[in-house]
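Results of the structural survey
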Amino acid sequence: MVLIDGKQTAADIKEELKQEVDSLKNNGRRPPHLAAVLVGNDGGSVTYVNAKVKACQKIGFESTLIRFDDSISELELLEKVEELNKDNSIDGFIVQLPLPKHINDRNITLAIDPLKDVDGFHPENVGRMSLGLPSFISATPNGIMQLLKRYEIETSGKHCVVIGRSAIVGTPMSILLSRNSNPGNATVTITHSKTKNLKEICLSADIIIAAIGRPHFLKADMVKENAVVIDVGTTRVEDTSRKSGFRLMGDVDFDNVSAKCSYISPVPGGVGPMTIASLLMNTLKAYKRRFNIA
Ligand code: NAP
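Residues numbered from 1 in each chain as written. Predicted model: local features only at pLDDT ≥ 70, side-chain atom pairs only at ≥ 80, totals over all residues. Heavy atoms only, no water.

Here we look at helix H2 (residues 43-59)
Look at H2: 25 Å from first C-alpha to last across 17 residues, which is about the 24 Å you get at 1.5 Å a residue. Where H2 is concerned, the buried positions are Gly-44, Ser-45, Val-46, Val-49, Lys-52, Val-53, Ala-55, Cys-56 and Ile-59. Looking at the packing, one finds that the buried side of H2 touches helix H1 (6-26), strand E2 (33-39), strand E3 (62-68), strand E4 (92-95), strand E9 (235-238) and helix H10 (271-290). Residue Gly-60 follows H2 closely and has a positive phi angle near 90 degrees. (Helix = DSSP H or I, 4+ residues; strand = E, 2+ residues; numbered from the N terminus. Expected span 1.5 Å × (residues − 1). Buried < 20%, exposed > 50% of the residue type's maximum accessible area, 1.4 Å probe, protein only. Contact = heavy atoms within 4.5 Å.)

The following block contains the structure:
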């Protein structure tokens, strides 16, 4: 069994990006600039956004963190988005989700200029991705594609089962794997909470992507010998023995499932670290597109 090391792969990607940024700077260009908008004080969101800003600094990107109180109105946030759309010093930006209940996530996503939408959530980017046109692919599916590519995991002609159909993970994952590309060319089954016979479907899978958000949902008796298993789930469960008071649990019963796998990604240390690396890749892509750099 090969353990898919997302931490190392993300570190490799960041090193590659840093070298590109150094070379841009050596050629007299300014570095790429990512802005992140954070509303409120949700613990998870603060941690994620801080990690994104820190990652930018490490590879030489410029980064700007824009924070608002929970009380900001949707209109005020939309005005900020418009300002960032027009700001020539910013190549890409994200608005960290979830947003407070009085703000409609969709209105905010729709307001972001697709050319600066480095989260890849705008319908224009989702549509272009579906058609195989140049686009920003949302960070988590993009990170998984990078893992499959860098570990040279064959997807062509394989049966891939994606568990979960969310707009940010399951659905784009199923589209990317079925496209005529490498990785891709898989025969994909997308499943969800209404799927019948999930166990039988999973047992026929060469590759399983679990993106549900239910700790240890995927058991060993649902996985065939030598399958590839990618665990996207990250559920925080209380753990008083830790300083943070919680630990992250994946959707896969790792101890029992890993014994049957050819490749498996752990939680933590699998897909998670790749998400930030993908965001940085998208930001460099946005920058290069703006300045017509090949
Ligand atoms: P989500 O929006 O809650 O979607 C969950 C999906 O799982 C839904 O499509 C749901 O089906 C399906 N599902 C729930 N119970 C099921 C069951 N018993 N059998 C089959 N399908 C079932 O979640 P998400 O945003 O995609 O996230 C999924 C997990 O990935 C979460 O743990 C999240 O924290 C994690 N995540 C991690 C990263 C990362 O960077 N590592 C990034 C994003 C998400 P219905 O559509 O029928 O309700």
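With respect to the site of the ligand
Lining the immediate surroundings of the ligand are 20 residues, of which Arg-165, Ser-166, Ser-193, Thr-234 and Thr-275 lie closest. At a separation of 2.7 Å, an oxygen atom of the ligand approaches a polar side-chain atom of Arg-165. Protein burial of the ligand: of its 920 Å² of free accessible surface, 71% is covered by the chains. (Near = heavy atom within 4 Å. Polar contact = N/O pair within 3.5 Å; in protein donor to acceptor, adjacent residues only side chain to side chain. Areas by Shrake-Rupley, 256 points an atom, 1.4 Å probe, with all protein chains shown as cover.)

Regarding the state of the cysteines
Enumeration over the complete set of coordinates arrives at zero disulfides. The thiol sulfur of Cys-261 is not disulfide-bonded, and the nearest other cysteine sulfur, from Cys-202, lies at 12 Å. Taking relative accessible area as the criterion, Cys-261 reaches 4% and is therefore assigned buried. (Disulfide = S-S within 2.5 Å.)

A word on the sheet that holds E4
Hydrogen bonding along the main chain pairs the strands of a sheet, whether they run parallel or antiparallel. Read from one edge to the other, the open sheet built from three strands follows the order E3-E2-E4, with strand pairing classed as parallel. Both outer strands of the open sheet, E3 and E4, are each paired with one neighbouring strand and no more. Between one strand and the next, the sheet's axes are offset by a mean angle of 15 degrees, whatever the strand orientation. The sheet contact formed by E2 and E3 spans seven bridges and is parallel. Residue pairing across strands places Ala-36 opposite Leu-65, the latter belonging to E3. Of the strands in this sheet, E2, E3 and E4 touch H2, which is tilted by about 160 degrees from E3. (Pairing = 2+ DSSP bridges. Axes fitted to C-alpha atoms, helices over the stretch in contact; angles between N-to-C directions.)

Points about the layout of surface pockets
One number sums up the size of the second largest pocket: a volume of about 330 Å³. In terms of lining, the second largest pocket is formed by 16 residues, of which the most central are Ile-137, Asn-142, Gln-146, Lys-149 and Met-281. Broken down by element, the residue count for the lining of the second largest pocket peaks at five residues, all from H10. Here the lining of the second largest pocket is composed, by residue class, of six nonpolar, five polar and five charged. (1 Å grid on protein atoms, 1.4 Å probe; cavity = no way out; pocket = protein on both sides within 12 Å on 5 of 7 lines; lining within 4 Å. Points joined across faces, edges and corners; volume = space filled by probe spheres on them. Nonpolar A, V, L, I, M, F, W, Y, C, P; charged D, E, K, R; others polar.)

Here's the deal with empty space enclosed by the protein
A complete count under the given rule lists one cavity of 30 Å³ or more for this structure. For the largest cavity, the calculated volume is near 80 Å³. The wall of the largest cavity is formed by Phe-93, Ile-94, Val-95, Leu-97, Asp-105, Ile-108, Thr-109, Ile-112, Asp-117, Asp-119 and Phe-121. Mapped onto the lining of the largest cavity, the elements with two or more residues apiece are E4 and helix H4 (105-111). Of the residues belonging to the lining of the largest cavity, the class tally is seven nonpolar, one polar and three charged.

Re the packing of aromatic side chains
Under the criterion given, the structure shown has two aromatic pairs. Sitting over the face of the ring of Phe-246, Arg-236 holds its NZ or CZ atom 3.9 Å from the ring centroid. Here Arg-289 stacks its cationic end above the ring of Phe-136, 4.9 Å away from the centre of that ring. (Phe/Tyr/Trp six-rings, centres within 6.5 Å; stacked < 30°, edge-to-face > 60°. Lys NZ or Arg CZ within 6 Å of the ring centre and 35° of its normal.)

Some words on the domain arrangement of the chain
Along its sequence, the chain is carved into domain 1 (28-117) and domain 2 (139-272). Taken over C-alpha atoms, the centre of domain 1 sits 28 Å from the centre of domain 2. (Domains from an automatic or database assignment.)

Some remarks on the pairing of strand E8 (residues 227-231)
The buried count for E8 comes to five of five residues, which makes it a mostly enclosed element. Judged by which residues are buried, E8 turns out to be covered on both faces: Ala-227, Val-229 and Asp-231 on one side and Val-228 and Ile-230 on the other are all buried. The sheet contact formed by strand E7 (residues 207-210) and E8 spans four bridges and is parallel. Across the sheet, residue Ile-207 finds its bridge partner in E8, namely Val-228. Summarising the sheet, E8 and strand E11 (residues 261-264) pair through three bridges and their orientation is parallel. Pairing of Val-229 across the sheet is with Ile-264, part of E11.

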